[in-house]
Amino acid sequence: MTRPLTLHPDRLLPADPDTRAIARALYREVASLPIISPHGHTDPEWFATDAPFGNAAELLLHPDHYVFRMLYSQGVSLDALGIGNPEADPRESWRLFASRYHLFRGTPSRMWLDWVFSAAFGLEVQLSAETSDRYYDHITAALATDAFRPRALFERYNIEVIATTESPLDDLRHHKAIRQSGWRGRVITAYRPDPVVDPEFEGFRDNLRTLSDMTGEDCFAWQGYLAAHRKRRAFFASMGATSTDHGHPSSLTADLSPGEAEALFRKVSAGDAATPGDAELFRAQMLTEMAGMSVEDGLVMQIHPGSFRNHNPWLFAHYGRDKGADIPMRTGYVKELRPLLARYGNDPRLSLIVFTLDETSYARELAPLAGHYPALKLGPAWWFHDSPEGMRRFREQVTETAGFYNGVGFNDDTRAFLSIPARHDVARRIDCGFLARLVAENRMEEWEAAELAADLSCHLAKKAYKL
Amino acid sequence: MTRPLTLHPDRLLPADPDTRAIARALYREVASLPIISPHGHTDPEWFATDAPFGNAAELLLHPDHYVFRMLYSQGVSLDALGIGNPEADPRESWRLFASRYHLFRGTPSRMWLDWVFSAAFGLEVQLSAETSDRYYDHITAALATDAFRPRALFERYNIEVIATTESPLDDLRHHKAIRQSGWRGRVITAYRPDPVVDPEFEGFRDNLRTLSDMTGEDCFAWQGYLAAHRKRRAFFASMGATSTDHGHPSSLTADLSPGEAEALFRKVSAGDAATPGDAELFRAQMLTEMAGMSVEDGLVMQIHPGSFRNHNPWLFAHYGRDKGADIPMRTGYVKELRPLLARYGNDPRLSLIVFTLDETSYARELAPLAGHYPALKLGPAWWFHDSPEGMRRFREQVTETAGFYNGVGFNDDTRAFLSIPARHDVARRIDCGFLARLVAENRMEEWEAAELAADLSCHLAKKAYKL
Amino acid sequence: MTRPLTLHPDRLLPADPDTRAIARALYREVASLPIISPHGHTDPEWFATDAPFGNAAELLLHPDHYVFRMLYSQGVSLDALGIGNPEADPRESWRLFASRYHLFRGTPSRMWLDWVFSAAFGLEVQLSAETSDRYYDHITAALATDAFRPRALFERYNIEVIATTESPLDDLRHHKAIRQSGWRGRVITAYRPDPVVDPEFEGFRDNLRTLSDMTGEDCFAWQGYLAAHRKRRAFFASMGATSTDHGHPSSLTADLSPGEAEALFRKVSAGDAATPGDAELFRAQMLTEMAGMSVEDGLVMQIHPGSFRNHNPWLFAHYGRDKGADIPMRTGYVKELRPLLARYGNDPRLSLIVFTLDETSYARELAPLAGHYPALKLGPAWWFHDSPEGMRRFREQVTETAGFYNGVGFNDDTRAFLSIPARHDVARRIDCGFLARLVAENRMEEWEAAELAADLSCHLAKKAYKL
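What you are looking at is a predicted structure, and each value in this text was computed from that prediction instead of being measured.

### With respect to the interface of chain A and chain B
Many structure descriptions define interface size as the accessible area lost when the parts assemble.
Now for step 1: If you look at the interface, chain A gives 51 residues, while chain B gives 45 residues.
Now for step 2: For the pair chain A and chain B, the two sides together bury roughly 4,000 Å², of which 50% comes from carbon and sulfur.
Now for step 3: By the criterion of area lost to chain B, the three top residues of chain A are Arg105, His311 and Arg330 of chain A, representing 18% of everything that side buries.
Now for step 4: In this assembly, chain A and chain B are joined by seven salt bridges.
Now for step 5: Note that Arg443 of chain B is salt-bridged to Glu389 of chain A, the shortest N-O span being 2.9 Å.
Now for step 6: Among the secondary structure elements, those contributing two or more residues to the side of chain A that touches chain B are helix H1 (17-30), helix H4 (65-73), helix H7 (108-120), helix H16 (313-319), strand E7 (327-328) and helix H19 (388-402) of chain A.
Now for step 7: Ranked by residue count, the leading element in the side of chain A that touches chain B is H19 of chain A, at five residues.

And the structure:
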């Protein structure tokens, strides 16, 4: 049985009629505000070459770890889905997905995908085993048209600015090409130095060698290494970057003396001698170093801590990184961030945005910290928590202590380009619903909620990320 | 003043009228589905002998640790309640309970008990000091009738299958008697080897001796010990068991080399020399061994970790185990389960169901793990969280990342036989309410919610536990 | 644009009309019950001298760390606000606050302050840059009138009893003066011995010296030290105290042998030799000692653990303690409280009230502990969690396991005297809303909710604190 696909205009708004009416009025005013995407993982090559995307499976299934991790958890092999397996027939992979679309009930992926199917592709029936081929053909055909090329989508999606994320080892050729192309879409980079900051990153020493070559600095000497960072940061800033980003297993920071830092660097850059504790301490020290550089050069600093990467060793051995096997860990912030905050937390020149995968820290640690330190802001609900219930918990647990203005609006943080408007839309609806409840409970006036709805949808992100 | 006792037909459904109407429609379709009870602690002797239950206090007060722990917390002595004190007059014990029934306001015990009083016993006034004797007499008289004998209740309650939990040292005579009786009620066992797996269990070495005698294996030698487990598991399976269960202080698993495992076993089985760390490591290793056996014999594996048993030493010394003094502890899963998952987590032959008493792990750890590993499923909200708010938090925190289909439906996990339908009913109502909110917020369609309501009430449990 | 300031009669009640109607009926019956304030930080000198308060900034801005921490987090210097800076013009400080009043949207401070402005001072426009001076003048003028002197406010506010908090080193002269004045307001003290119990407290050894002088005991000898506590506790009790209070970094307790305790005391009281671990263990031991004294003298014992004090070293160096830089930490209770509970937890003479800043412990640890141990009760949602959402989470996460009667009603715990009625009012509204939901969901009857609303508003606090 084929069922119609429609997007309800009130989806995600609260069920109570009075509250919904308020939410609807708030949402109406922000629904079509431009998209500010200050942090994410789209590929700049798309916008540089403006080449058409491939087929449905390649665009919507293969890169979306939310989707294939769920299928994998229910016994579908990654091979059959075409992950790391070019032999797989993409139409067959799509069928595996389509016939299990019920698995996504109650998940944000379902809402994002339905929006892509309906609003982006104009599909009018639901995805299922029966409609799988119809979907595959329709989407694949659409992708061959000019309307679905990256720049056209960027414009259609009303994206004011989007940030990608690159390593210091990236030459930013695509960003250069975008600038030189004359196209006016604003695509900027962000500085993510994990491959040259984390001694446990694959190929760390090779990466230092490459960094030396790129910068003309000796990146096996502490001062040369720091100078190389400064150079690459300046280069990234010249290519539009307004921020850095740091993905660490924990939020630990350190403030070693120069001599201690240099000795530690010598150890970790030499390779063999360093212990996991040395690696952790070095990452910790580098966060404080990076904060110091941000004070100098004005780049906003982001920390994304707390993911246990590649938890599944068999999967990692066969399919590599980013295959849905990263698992959040308990993450503390109070003692961990203290060295950095003690050094720079009162400095108005620093803007430090901290994220978490550990919701227990929202009310207990992060909101109290952000509600005190001038330098500290809270990133929005992240990754597994970028979801209706996750965003509600964020607002409910953060707002009373940190207020709204120590937050930074929404991040889509995605490589799933097609769904970016859907993700911002979910956030705007949930925020409007939260604000509407405050109004309905007479805790806030409607004009204030309207101001806040626009702030949360756009203005806070522009301000926090200096866009 | 005597007050009428009624069970409101809409109890536990959401207050918002539109949402309630949806919930009511969903609930109507699942309210009378049969009860699948894949994990619990009823006594197989009840069904073997079909002897009548005793008096009200003996049936409803003495075995229910939720009830007497609350009374104890408010200054009522266990002696006076007849716990471990055969001298106590059960009618007087019941009066102590009845006159303090207000203490249970807002607790699930209150809802379960009111259902038992009203639906099972047909009482029409509320329990209070005034009605205490009326209750005592009415219940005690009813229990003497055939309609309240265990098998009659089993049938009246529409129980399709119920699992009890036994130690490997149990000869399963009651399960044999049930089978031989010709009665058609399906009562199965489950393999809970804690007394011979946990070196800190009372009488561990004696238990190993008994296990040796029962199996003809040398359970003080590593290979003999493992062989004994295999034999007992096979025997339990022959008596209907489809699952094992493991109650450990933590969820730690280990994957030692055979030599290391053998050496560790030698140490813990020798008694004196083993440290608490050895005991913990041995339990950890045994979870992985048990997972390996499950891969071989197909028994579903359950882990119930995280309870600090017998927290109150005075109480333990005077009244023994299971007297309401077990307290949940912070419990991690990411690093802890990794050895087992690295070894067997991708194996489709393993079905591992993990529970928690630490709700902080739902969204942070358990849902991401279950939403990735094929072998892993999440048990429902457990023990103190088997409650309306607890079940809501479970759905809200788990579903967006793990979906519904990486869960296993409901467990009543109780020895309070009389209240089993009430417990399933609470779960069904809460699930229908949760689904109704998703429908009311236009996040799911009503036909999908209806499918899920039946899945959550019955089908997922049957499938996950291979019933 | 100037906007009217009004307090909506239904503020904070649930939005659903049926639930709100129930909540409104419940609230109506408790709204004007007297205020029981069993724990807080008002200054007894106010009531002793009955001197008028100063200007608006001095009364409402300088002492309120919720307010100035938020302003500080958004870049306003404490100097400019007049914190630790007598040079600052209070009118200018007030303007800084007024022009940033939007920062408090969604916070409890906003609700408390609006109540103070409207209900206490009769202001009819909202606070903003435009109305700043009008506010400053109006409030400052009102404070000069008799109606705003401390005793008049105490009476107008219908405070039945208020407890302040003093160190053993305090001579309680203000409490004496209050008693001798003939004024009938009931202002009592509470015994907070942190300065002589915590070896890491500033001036610990000096404090011991002072305590020796005050008591005639040798407070550098273990028995003398304990005797001094007994004497001061008795003196505090004679001045009305019914409770003690203990603010520790963790909830750790210990139960050392007398010899071990004495040796530890010798070490920490000697100063230099003691490690942080010694200090922690000594605080732990002292909680158990204090519990033992409470068994003797009947003083109710409170523990307020889990705050990382003075997290911001620069701020501490420049402005001192209590400047909004205290940050909650992860706090465990299961293993930590066990030594004390094993010793005294079954003793009906002890009444121990435990608080937390770590909400993860509500459902996992504190509710199960309080739902078992006769001596243990749970304090209400504290500090950053003393807020609408925080109180809701407390009720939702605690009630099902601990019930309502293992709680102690509400504490305002504030030095912001003007807002005390607002704080109690918020708690009563939230509790009525929570109870109304239980009624609307047919989990409780309305007459039970009405009984509970009064218990939570007044009776539980009076009983738990022996007032």
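### Here we look at the relation of the copies chain B and chain C
One copy of the chain maps onto the other through a rotation about an axis plus a displacement along that axis.
Now for step 1: Rotating chain B by 120 degrees about the axis while translating it 0.0 Å along that axis superimposes it on chain C, leaving an RMSD of 0.0 Å. Taken together, the rotation and translation relating the two chain copies correspond to the operation of a three-fold axis. Considering only C-alpha atoms, the part of chain B nearest the rotation axis is Asp16 of chain B, at 3.6 Å.
Now for step 2: A share of only 6% of the interface residues of chain B reappears at the interface of chain C, consistent with the copies meeting through non-equivalent patches.

### Some details on the environment of Pro380 of chain A
Residue and element names in this part refer to chain A.
Now for step 1: Take Pro380: it is sitting in the loop between strand E9 (376-378) and H19.
Now for step 2: C-alpha of Pro380 to C-alpha of Asp412: the two residues are 32 residues apart in sequence and 9.4 Å apart in space.
Now for step 3: Each residue touching Pro380, except ones within four places of it in the same chain, is listed here: Phe355, Phe394, Val408, Gly409, Phe410 and Asn411.

### Structural notes on the environment of Thr399 of chain C
Now for step 1: In this fold, Thr399 of chain C is placed in helix H19 (residues 388-402).
Now for step 2: Distance in space between the C-alpha atoms of Thr399 of chain C and Ile303 of chain C is 20 Å, their sequence separation being 96 residues.
Now for step 3: Discounting chain neighbours no more than four positions away, the residues touching Thr399 of chain C are Arg105, Gly106 and Thr107 of chain B together with Phe394, Phe404 and Phe434 of chain C.
Now for step 4: A polar contact of 2.6 Å, which involves the side chain of Thr399 of chain C, links it to the backbone oxygen of Arg395 of chain C.

### A short note on the pattern of salt bridges
Now for step 1: This structure, assessed with the given rule, holds 124 salt bridges over all chains.
Now for step 2: Of the charged contacts in the structure, one is a salt bridge between Asp347 of chain B and Arg349 of chain B, with a shortest N-O distance of 2.8 Å.
Now for step 3: By relative accessible area, Arg349 of chain B is classed as exposed at 52%.
Now for step 4: The network of salt bridges with common partners includes Glu389 and Arg392 of chain A together with Glu396, Glu400, Arg437, Glu441 and Arg443 of chain B.

### Structural notes on the pairing of strand E5 (residues 300-303) of chain B
Residue and element names in this part refer to chain B.
Now for step 1: Taking every second residue as pointing to the same face, both faces of E5 are buried, with Val300 and Gln302 on one and Met301 and Ile303 on the other.
Now for step 2: As judged from the four bridges shared by strand E4 (residues 243-246) and E5, these two strands associate in the parallel manner. Within the sheet, the bridge partner assigned to His246 lies in E5 and is Ile303.
Now for step 3: Judged from the three bridges that link them, E5 and strand E8 (residues 352-354) form a sheet pairing that is parallel. Among the inter-strand pairings, Ile303 is bridged to a residue of E8, identified as Val354.

### Some remarks on the interface of chain B and chain C
Now for step 1: Of the residues lining the interface, 51 residues belong to chain B; the matching set on chain C comes to 44 residues.
Now for step 2: Roughly 4,000 Å² is buried in total at the junction of chain B and chain C, and carbon and sulfur atoms are behind 50% of that figure.
Now for step 3: The three residues of chain B that bury the most area against chain C are Arg105, His311 and Arg330 of chain B, which together make up 18% of that side's buried surface.
Now for step 4: Linking chain B with chain C are seven salt bridges, by the criterion used here.
Now for step 5: Counting the contacts that link chain B with chain C gives 30 residue pairs in polar contact (both at pLDDT 80 or more).
Now for step 6: Where the side of chain B that touches chain C is concerned, the elements lending two or more residues are helix H1 (17-30), helix H4 (65-73), helix H7 (108-120), helix H16 (313-319), strand E7 (327-328) and helix H19 (388-402) of chain B.
Now for step 7: Split into classes, the residues belonging to the side of chain B that touches chain C amount to 21 nonpolar, 15 polar and 15 charged.

### Focus: a positive patch on the surface
Now for step 1: Where like charges cluster on the molecular surface, the positive patch consists of Arg330 and Lys335 of chain A, Arg330 and Lys335 of chain B together with Arg330 of chain C.
Now for step 2: Checked against the element boundaries, Arg330 of chain A lands in the loop between E7 and helix H17 (338-344).

### Considerations on the relation of the copies chain A and chain B
Now for step 1: Aligned on chain B, chain A shows an RMSD of 0.0 Å; the corresponding rotation is 120 degrees and the shift along the axis is 0.0 Å.
Now for step 2: Residue by residue, only 6% of the interface of chain A is reproduced at the interface of chain B, so the copies engage with different surfaces.

### A short note on the domain arrangement of chain A
Residue and element names in this part refer to chain A.
Now for step 1: What the domain assignment reports for chain A is domain 1 (54-145) and domain 2 (150-464).
Now for step 2: Opposite the 19 residues of domain 1 that make contact, domain 2 presents 24 residues.
Now for step 3: Buried area between domain 1 and domain 2, both sides added, is near 1,900 Å², and the carbon and sulfur share of it is 68%.
Now for step 4: Counting across the interface, domain 1 meets domain 2 through zero salt bridges.
Now for step 5: Elements represented by at least two residues in the side of domain 1 that touches domain 2 include exactly helix H3 (56-61), H4, helix H5 (78-81) and H7.
Now for step 6: When residues in the side of domain 1 that touches domain 2 are grouped by element, the largest group, six residues, is from H7.
Now for step 7: A per-class count over the side of domain 1 that touches domain 2 returns 15 nonpolar, one polar and three charged.

### Here we look at the sheet that holds E8 of chain B
Residues and elements named next belong to chain B.
Now for step 1: Taken in spatial order, the four strands line up as E4-E5-E8-E9 in an open sheet, and their pairing is parallel. Both edges of this open sheet fall to E4 and strand E9 (376-378), since each of them pairs with a single strand only. Taken pair by pair, the neighbouring strands of this sheet meet at an average axis angle of 25 degrees, ignoring direction.
Now for step 2: Across the sheet, helix H18 (residues 360-370) lies against E8 and E9, angled at about 130 degrees from E9, the strand it touches most.

### Comments concerning the packing of aromatic side chains
Now for step 1: All told, the structure shown has 99 aromatic pairs over all chains when counted by the stated rule.
Now for step 2: Here Trp46 of chain B and Phe417 of chain B contribute two aromatic rings whose centre-to-centre distance is 5.9 Å and whose plane-to-plane angle is 35 degrees, an arrangement assigned as tilted. Note that Trp46 of chain B is positioned in helix H2 (residues 44-49) and Phe417 of chain B in the loop between H19 and helix H20 (420-440), a separation of 371 residues in sequence.
Now for step 3: Relative to Trp382 of chain B, the ring of Phe355 of chain B has its centre 6.3 Å away and its plane inclined at 65 degrees; by these criteria the two rings are edge-to-face. In this pair, Phe355 of chain B sits in the loop between E8 and H18 while Trp382 of chain B sits in the loop between E9 and H19, placing the two residues 27 residues apart along the sequence. For the pair Phe355 of chain B and Trp382 of chain B, one class covers both residues: buried.
Now for step 4: Every member of this aromatic cluster is reached through a ring pair, and the members are Trp46, Phe47, Phe53, Trp115, Phe154, Tyr157, Trp183 and Phe417 of chain A.
Now for step 5: The ring of Trp447 of chain A is capped by Arg3 of chain C, whose NZ or CZ atom sits 3.6 Å from the centre of that ring.
Now for step 6: The ring of Phe148 of chain C has Arg156 of chain C sitting right over it, with the charged end atom 4.8 Å from the ring centre.

The rules we used
- Residues numbered from 1 in each chain as written.
- Chains lettered and ligands numbered in written order.
- Predicted model: local features only at pLDDT ≥ 70, side-chain atom pairs only at ≥ 80, totals over all residues.
- Heavy atoms only, no water.
- Contact = heavy atoms within 4.5 Å.
- Buried area = accessible area lost by both parts, 1.4 Å probe.
- Salt bridge = Lys/Arg side-chain N within 4 Å of Asp/Glu carboxyl O.
- Helix = DSSP H or I, 4+ residues; strand = E, 2+ residues; numbered from the N terminus.
- Least-squares fit on C-alpha atoms with pLDDT ≥ 70 in both.
- Polar contact = N/O pair within 3.5 Å; in protein donor to acceptor, adjacent residues only side chain to side chain.
- Buried < 20%, exposed > 50% of the residue type's maximum accessible area, 1.4 Å probe, protein only.
- Pairing = 2+ DSSP bridges.
- Nonpolar A, V, L, I, M, F, W, Y, C, P; charged D, E, K, R; others polar.
- Patch = residues over 30% accessible without salt bridge, like charges linked within 9 Å, V, L, I, M, F, W, Y side chains within 5 Å.
- Areas by Shrake-Rupley, 256 points an atom, 1.4 Å probe, with all protein chains shown as cover.
- Lys, Arg positive; Asp, Glu negative; His and termini not counted.
- Charge placed at Lys NZ, Arg CZ, Asp CG, Glu CD.
- Domains from an automatic or database assignment.
- Axes fitted to C-alpha atoms, helices over the stretch in contact; angles between N-to-C directions.
- Phe/Tyr/Trp six-rings, centres within 6.5 Å; stacked < 30°, edge-to-face > 60°.
- Lys NZ or Arg CZ within 6 Å of the ring centre and 35° of its normal.

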